[in-house]
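# Structural overview for review
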Amino acid sequence: MKKLSLFMAFIMMISVVFVGCGRSTDPGTTEPIGSTTETKPVDSTNKTAKEAVTIVHRAGPNGFDPNTGAGGAMSAYMLSYLIFDRLMEKDPETGEFLPSLAESWERIDDTTFQFKLRDDAYFHNGEKLTAADVVYSFVTAATNPAAASSFKMIDPENTKALDETTVELKLNYSFGALFSLLSGPRGSIIPEAYTEEVGADYATVHPVGTGCMKLDELVTGDRVVLSRNEDYWGEKPSYKTFTLRFISEASTRAVEVETGSVDGSLYIEGNTIDALQASPKVQVLSGPSYTYIQLQLNCLYQDQLSDEVRQAMLMAIDTKALTKAVYGEYGAAEVVPSALTCGDLGIEHVYNPEKAKELLAASDWDFEKGVIDFYCTNTVDVAACSEVVANMWTQIGLTVKIHSVDSAGWSALYEGGESTLKNVSASMISNTCTNGDVAFIAANLHGYTYTMNNIEAVGDQADLYQIINESATLYEESERTAMYAELFTELQARGIEMYLASPHNIQACYGDVEGFYVAPNNMPDLSGMTVWE
Amino acid sequence: MLKYTMRRILLLIPVLLGATFLLFCMLSLAPGDPVNIILGADATPEAAAVLRAELGLDQPLLTRYLDFLVNMCHGDFGLSYSNRQPVADEIWARFPNTILLATLTTLFASVIGIPLGIISAVKQYSVWDNISISISLLGASMPTFWLALMLMLVFSLNLGWLPPSGSYGPEYWILPVVTVSLTSASSVTRMTRSSMLDVVRQDYIRTARAKGQTEQKIILNHELPNALIPIITVVGMQFASNLGGAIMCESVFAIPGIGTLMITAINARNHPMVLACSVLTAVVFSLVAIFVDLLYAFVDPRIRSQYASGKRRTVRKEVA
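A quick note: this is a predicted structure, and the numbers were derived from the prediction, not measured. (Residues numbered from 1 in each chain as written. Chains lettered and ligands numbered in written order. Predicted model: local features only at pLDDT ≥ 70, side-chain atom pairs only at ≥ 80, totals over all residues. Heavy atoms only, no water.)

Each helix and strand counted, chain B has 15 helices and zero strands in total. Each of the three principal axes of chain B carries a C-alpha extent, and together these read 85 × 60 × 30 Å. Buried positions account for 49% of the 320 residues belonging to chain B. Sequence-distant contacts, at least 24 apart, represent 70% of the contacts inside chain B between residues at least 6 apart. When the accessible surface of chain B is totalled, it reaches about 15,500 Å², and 68% of it is carbon and sulfur. (Helix = DSSP H or I, 4+ residues; strand = E, 2+ residues; numbered from the N terminus. Buried < 20%, exposed > 50% of the residue type's maximum accessible area, 1.4 Å probe, protein only. Contact = heavy atoms within 4.5 Å. Areas by Shrake-Rupley, 256 points an atom, 1.4 Å probe, with all protein chains shown as cover.)

Structure below.
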């Protein structure tokens with residue numbers, strides 16, 4: 001008995017230690033953060049700016065090639081904002097395009113643009129920026145197999161330098177989202193002579209740009225250290241070194257911020273927000289994103305799902321309930337993310353489970369043997385969304401089987417063509433439109449080889465294909481908005497594809513920090529960030 | 001002994017051939033095209049074909065495997081699909097972290113586990129035995145992931161004694177080492193206890209006690225040496241598994257090691273990287289096994305004499 005008591009006492013002691021030292025997660029003690037997208041102003045009197053700033057990201061880059069994003073790593077794009085400059089920058093608040101390496105620009109006609117470059121920009125290796133470098137950057141991007149699809153509108157043969165500081169950019173066809181592309185991370189300008197000299201290693205380990213920071217150290221899987229470019233043509237950052245650390249575990253990122261070991265972190269997850277908000281020195285920021293949960297229903301192989309079944313499936317989804325269940329207050333039930341260029345397209349999702357049941361009853365669906373094979377990527381939020389959607393489909397009488405695959409496995413479904421696609425009823429993935437223009441989402445509908453809703457291939461959707469092509473060519477914002485609104489409304493009405501929710505981006509910082517803001521593409525340009533001692 | 005060692009090292013060759021071939025087949029059959037991952041889904045078929053040829057992925061499986069073997073024999077594991085840099089460079093940049101974590105963890109687990117196991121066996125059914133069993137049970141039951149986060153909350157966040165993550169100095173290694181050690185130590189404790197309990201009931205121990213030997217001498221000179229073989233086996237296996245299995249710990253404490261590298265490589269279908277990491281792990285695992293076998297001879301004169309007379313196999317059966 002005595003031994004048992006001692007044993008129990010020991011167990012109790014261990015429990016008390018862990019429970020007592022745990023986090024306070026009482027939801028009643030914290031206020032919702034709403035959409036505070038930027039840090040509060042700081043009274044910097046008698047304060048000095050920190051010379052070394054450390055920010056945490058969830059994954060490291062494979063390299064720094066701005067055209068390809070080094071395999072799409074978000075951290076590579078984010079670093080490219082500091083290492084490279086672009087012809088123009090997009091104001092994160094107004095969406096206006098502001099001069100950067102190009103002092104001014106002019107649209108000669110729908111397929112010809114002239115850019116006048118500034119005369120005082122130098123690359124990190126001391127070479128002066130010339131129009132030839134800009135031409136080289138675009139021609140390289142347009143001919144690089146890993147980037148060509150994004151730059152296919154550029155005519156590499158007729159794009160030329162008119163003089164030392166004037167570039168004439170020639171397009172194969174008019175393209176309304178051109179400035180979004182040029183101001184995005186892929187629009188970075190690289191030095192011709194240096195890139196040719198260094199070869200393939202340029203993009204991986206020796207990036208050189210005209211940006212305000214230059215690469216000091218890359219410790220694979222751990223951190224990238226940048227140092228200030230003292231010869232920068234524009235306003236220099238307040239810090240001398242910028243370290244981007246890579247921590248894959250969300251709880252660890254939160255603890256790093258809470259302890260003040262780092263100055264800020266991107267990719268804060270919902271379950272750590274309460275604890276972070278309870279800390280008086282931590283600011284939690286959140287804002288709308290360019291990320292969307294994409295649901296595709298198989299219309300390419302008509303024998304898989306009929307029009308009625310697909311329409312019923314979309315009508316059965318309560319996007320508001322789904323967003324609340326998965327993201328709480330940190331997400332928006334938007335058919336198309338309103339943060340994207342063109343703003344809120346004003347498309348309402350039609351949620352009508354009763355009508356869905358009627359459609360299904362009138363369809364040829366076999367309720368006894370029919371199974372919805374639902375393929376989803378295995379990320380946390382997509383897995384949660386797929387569970388909720390599957391339950392909603394079950395409610396209207398469908399039998400659903402979820403297949404969880406990693407992103408490579410997901411792509412493999414589409415690479416397999418008919419042999420694999422005919423076994424897929426629906427699929428779900430999380431996507432981010434990095435340059436924030438809705439045109440690139442629309443382009444995916446027919447441009448991607450792997451989408452099963454290849455509009456081009458589906459005969460009776462030819463009118464949608466026409467809308468996609470026409471909308472891409474428009475420069476007038478109001479015209480584009482109208483066409484995209486029509487496109488996405490039709491996609492939903494015909495039961496082809498829908499975007500269910502747009503999660504918010506959440507970040508946190510420690511101490512007196514200014515200029516740390518939530519960017520919709522999760523790649524804030526932190527050159528204006530200041531951390532006060 | 002040398003002959004035996006050489007034979008064991010030569011046996012590594014078929015083991016590696018088998019392991020790499022199996023892995024090569026599995027990677028090739030796994031869904032997901034590396035070319036598609038590198039170029040993006042909307043690359044043109046022509047561009048994909050060029051890259052596929054460049055990476056050798058257009059060749060038959062057996063040809064690719066033989067090429068891999070030939071290059072591996074020259075120490076060339078190829079270029080990473082992710083950044084086109086030599087695979088070996090990235091592995092050697094991370095391997096020291098993994099080795100350091102595995103070594104410190106094994107040392108710490110042994111330092112805790114062996115004395116606890118001895119005390120537990122010597123004082124069987126006492127309070128100390130119960131505490132020792134409870135600790136080892138706790139260590140075995142607590143998920144590494146949970147324990148790592150709890151330790152981080154207590155010692156980094158609440159007490160502020162240690163940094164939460166990273167590998168920038170000795171203080172950064174304390175939490176990861178303790179986390180993995182507690183799990184490993186529980187195995188060592190239980191094995192030490194059961195092995196010691198087998199020995200303490202032997203006649204020669206009773207004889208030593210009857211001859212008036214002190215308890216300390218009996219434990220250190222008679223009981224422990226005779227109980228060491230299973231303990232060495234467990235410690236060796238813990239070291240080997242920590243080399244490839246501390247992935248959770250590496251992930252939570254943001255240690256750039258082989259485990260996280262391999263996971264990233266698998267997700268990216270980075271075949272050269274996965275193969276190189278696997279070969280490295282298999283080699284180290286096998287070398288540890290050989291080293292453990294040789295240690296048997298060091299601690300047990302019976303085995304040593306059998307090595308000398310070339311009858312190792314028979315003795316191993318007897319020992320088992």
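Before going further, it helps to examine the overall build of chain A. Scanning chain A for helices and strands turns up 18 helices and 22 strands. Within chain A, buried positions represent 56% of all 533 residues. Taking all contacts inside chain A whose residues are at least 6 apart in sequence as the whole, residues at least 24 apart take part in 70%. Split by element, the accessible area of chain A, about 21,200 Å² in all, is 49% carbon and sulfur.

Facing 44 residues of chain B, the contacting portion of chain A comprises 42 residues. Between chain B and chain A, a total of about 3,700 Å² is buried, with carbon and sulfur atoms accounting for 62% of that surface. Linking chain B with chain A are one salt bridge. B:Arg269 is the partner of A:Asp406 in a salt bridge, and the nearest nitrogen-oxygen pair spans 2.9 Å. (Buried area = accessible area lost by both parts, 1.4 Å probe. Salt bridge = Lys/Arg side-chain N within 4 Å of Asp/Glu carboxyl O.)

If you look at the biggest cluster of nonpolar residues, it comprises 130 residues, and the most contacted ones within it are A:Phe242, A:Trp393 and A:Phe488. Formed by 34 residues, the second largest nonpolar core is a distinct cluster that contains B:Ile229, B:Val274, B:Val284 and B:Ile303. (Core = buried A, V, L, I, M, F, W, Y, C linked by side-chain atoms within 4.5 Å.)

Now for helix H3 (residues 74-83) of chain A. In terms of burial, H3(A) is a largely internal element, ten of the ten residues being buried. Every buried residue belonging to H3(A) is among A:Met74, A:Ser75, A:Ala76, A:Tyr77, A:Met78, A:Leu79, A:Ser80, A:Tyr81, A:Leu82 and A:Ile83, and all of these are buried.

The subject of this paragraph is the confidence of the model for chain A. The share of residues in chain A with pLDDT of 70 or more is 89%, and the mean pLDDT across the chain is 85. Counting interchain partners and residues more than four positions distant, the pLDDT-below-50 stretch residues 19-34 of chain A has 30 contacts. (pLDDT = per-residue confidence, 0-100.)

With that settled, the discussion passes to the sheet that holds strand S4 (residues 102-109) of chain A. All names here are of chain A. The strand order across the open sheet formed by four strands is S4-S5-S7-S6, and the pairing between neighbours is antiparallel. The strands lining the two open edges of the sheet, one partner per strand, are S4 and strand S6 (160-163). Averaged over neighbouring strand pairs, the angle between their axes works out to 25° when direction is ignored. Across five bridges, the pairing between strand S5 (residues 112-117) and strand S7 (residues 166-170) is antiparallel. Note on S7: the bridge partner recorded for Phe-113 is Leu-169. (Pairing = 2+ DSSP bridges. Axes fitted to C-alpha atoms, helices over the stretch in contact; angles between N-to-C directions.)

Under the defined criterion, the tally for this structure stands at 23 salt bridges over all chains. Across the salt bridge formed by A:Asp463 and A:Arg494, the nearest N and O atoms sit 2.5 Å from each other. Highlighted residues: A:Asp463 in helix H17 (residues 462-473) and A:Arg494 in the loop between helix H18 (477-493) and strand S18 (497-499), separated in sequence by 31 residues. Taking the relative accessible area as the measure of exposure, A:Asp463 reaches 36% and is therefore partly exposed. The class for A:Arg494 is buried, based on a relative accessible area of 18%. Between B:Arg209 and B:Glu223 there is a salt bridge, with its nearest N and O atoms 3.8 Å apart. Pair noted here: B:Arg209 is in helix H9 (residues 203-210) and B:Glu223 is in helix H10 (residues 215-245), with a separation of 14 residues, a long-range link. Classification of B:Glu223 as buried rests on a relative accessible area of 1%. A network of salt bridges, in which partner residues are shared, links A:Glu217, A:Asp222 and A:Arg223.

What the rule picks out here adds up to 17 aromatic pairs over all chains. When the ring of B:Trp92 is compared with that of B:Phe95, the centres are 5.8 Å apart and the planes differ by 80°; the resulting orientation is edge-to-face. Note that B:Trp92 and B:Phe95 are positioned in helix H5 (residues 87-122) at a spacing of three residues, about one turn of the helix. Linked through ring pairs, A:Phe97, A:Trp105, A:Phe113, A:Phe179 and A:Tyr475 together constitute an aromatic cluster. Its end group placed over the ring of A:Tyr475, A:Arg107 keeps NZ or CZ at 4.2 Å from the ring centre. (Phe/Tyr/Trp six-rings, centres within 6.5 Å; stacked < 30°, edge-to-face > 60°. Lys NZ or Arg CZ within 6 Å of the ring centre and 35° of its normal.)

Glancing now at the pairing of strand S15 (residues 372-377) of chain A. Residue and element names in this part refer to chain A. Taking burial as the measure, the six residues of S15 include six buried ones, the bulk of the element. Pairing analysis gives six bridges linking S15 to strand S16 (residues 400-405), with the strands arranged parallel. By the bridge assignment, Cys-376 is partnered in S16 with Ser-404. Once you follow S15 into helix H13 (residues 380-395) and on to S16, the crossover reads as right-handed. Across three bridges, S15 lies against strand S17 (residues 426-432) in parallel orientation. When the sheet's bridge partners are listed, Phe-374 is paired in S17 with Ala-426. (Right-handed = clockwise from strand over helix to strand, strands pointing away.)

This next bit is on a nonpolar patch on the surface. On the surface, a cluster of nonpolar side chains totalling about 300 Å² of accessible area is made up of B:Leu2, B:Met6 and B:Ile9. For B:Met6, a relative accessible area of 43% gives the class partly exposed. (Patch = residues over 30% accessible without salt bridge, like charges linked within 9 Å, V, L, I, M, F, W, Y side chains within 5 Å.)

Residue and element names in this part refer to chain A. Strand order in the open sheet made by the five strands is S16-S15-S17-S13-S18, with mixed pairing throughout. The open sheet is flanked by S16 and S18, the only strands paired with a single partner. The average angle at which neighbouring strand axes cross in this sheet is 25°, direction not considered. Relative to S15, H13 is tilted by about 160°, and along the sheet it contacts strand S13 (291-297), S15, S16 and S17.

Residues and elements named next belong to chain A. Position of Phe-151 among the secondary structure elements: in the loop between helix H4 (131-143) and S6. We classify Phe-151 as buried; its relative accessible area is 1%. Put simply, Phe-151 and Cys-385 are 234 residues apart on the chain and 33 Å apart in space, counted from C-alpha to C-alpha. If we skip the residues at most four places from it in the chain, Phe-151 touches Asn-67, Ala-141, Ala-142, Leu-181 and Arg-186.

Residues and elements named next belong to chain A. Inspection of every chain in the model, using the stated rule, returns zero disulfides over all chains. Of all cysteine sulfurs in the structure, the one in Cys-376 sits closest to Cys-385, which takes part in no disulfide; the separation is 9.2 Å. In this structure Cys-509 is a free cysteine whose sulfur lies 19 Å from that of Cys-212, the closest cysteine sulfur available. Classification of Cys-509 as buried rests on a relative accessible area of 0%. (Disulfide = S-S within 2.5 Å.)

Turning our attention to H18(A). Taking 1.5 Å per residue, 17 residues should reach 24 Å; H18(A) reaches 24 Å between its end C-alpha atoms and fits that length. Of the positions making up H18(A), those classed as buried are A:Arg480, A:Thr481, A:Met483, A:Tyr484, A:Ala485, A:Leu487, A:Phe488, A:Leu491 and A:Gln492. (Expected span 1.5 Å × (residues − 1).)

Residues and elements named next belong to chain A. Of note, Thr-166 is situated in strand S7. At 3.4 Å, the side chain of Thr-166 and the side chain of Lys-116 are in polar contact. Non-local contacts of Thr-166, meaning those with residues more than four positions away in its chain, are made with Gln-114, Phe-115, Lys-116, Ala-131, Lys-160 and Ala-161. (Polar contact = N/O pair within 3.5 Å; in protein donor to acceptor, adjacent residues only side chain to side chain.)

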